[in-house]
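Tertiary structure, described
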Amino acid sequence: MMKIFGVLVLVLSAGAVQAQNTKVAVVDTALVFQKMPQRDRVANKLKGEFASRVKEVKKLEADGRRFIEKQQKDMAFMNDDQKASAQKKLNEMQGSYVQKRRKLEQDQARRESEERQKMLKSIQSAVTQITQSQGIDLVVERGAVIHVSPSLDITQQVISRVSK
């Protein structure tokens, strides 16, 4: 029993000595992401990339609304065949709208994810460069800690590096 206790004390002491030599830093990745100048450029790029498709979907939506309004006005004067034809056309318009809108949203989400991944790689690269130059052993996300000394926070350094 004494041998086990002795070994345990020795292991814990070695761990404490090792921890004293560990240099730790904290980074707020969300703040870095918000402050990146590339973020606005990417948003504008994506907006331009999808502008024509967004315009097309909005036009389909407006066309559908106008068609519904017209049909509501004309409904009293339509026979059953005309009503059925109008309903069929409305269903086709709605199906086309839903399909194009869904595809647009999926494509936008995919492209936003691709661009976000590029920016996150840039952040990771900046963190790696800073940790190597300053001899930092461990970097923790700011949201994962309750309290941190401002001297351990490398967020502004990362923002500076990714802004170049």
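Scroll up for the structure.
Residues numbered from 1 in each chain as written. Predicted model: local features only at pLDDT ≥ 70, side-chain atom pairs only at ≥ 80, totals over all residues. Heavy atoms only, no water.

Observations concerning helix H4 (residues 80–134)
Over its 55 residues, H4 extends 80 Å from the first C-alpha to the last, a length consistent with the 81 Å expected when each residue adds 1.5 Å. Elements that come into contact with the buried residues of H4 comprise helix H2 (29–35), helix H3 (37–74), strand S2 (138–141) and helix H5 (155–162). For H4, the N-terminal capping position is held by Asn79, with its side-chain oxygen 3.0 Å away from the main-chain nitrogen of Asp81. Remark: Gly135 follows H4 within two positions and exhibits a positive phi of approximately 65 degrees. (Helix = DSSP H or I, 4+ residues; strand = E, 2+ residues; numbered from the N terminus. Expected span 1.5 Å × (residues − 1). Contact = heavy atoms within 4.5 Å. Polar contact = N/O pair within 3.5 Å; in protein donor to acceptor, adjacent residues only side chain to side chain.)

Some thoughts on H5
For H5, every residue scored as buried is listed here: Thr155, Val158, Ile159 and Val162. When H5 is viewed along its axis, its buried side chains cluster within an angular range of 100 degrees and face the same direction. Contacts made by the buried residues of H5 are with strand S1 (24–27), H2, H3 and H4. (Buried < 20%, exposed > 50% of the residue type's maximum accessible area, 1.4 Å probe, protein only. Arc of directions from axis to C-beta.)

Everything listed is a geometric property; what it means functionally is a separate question.
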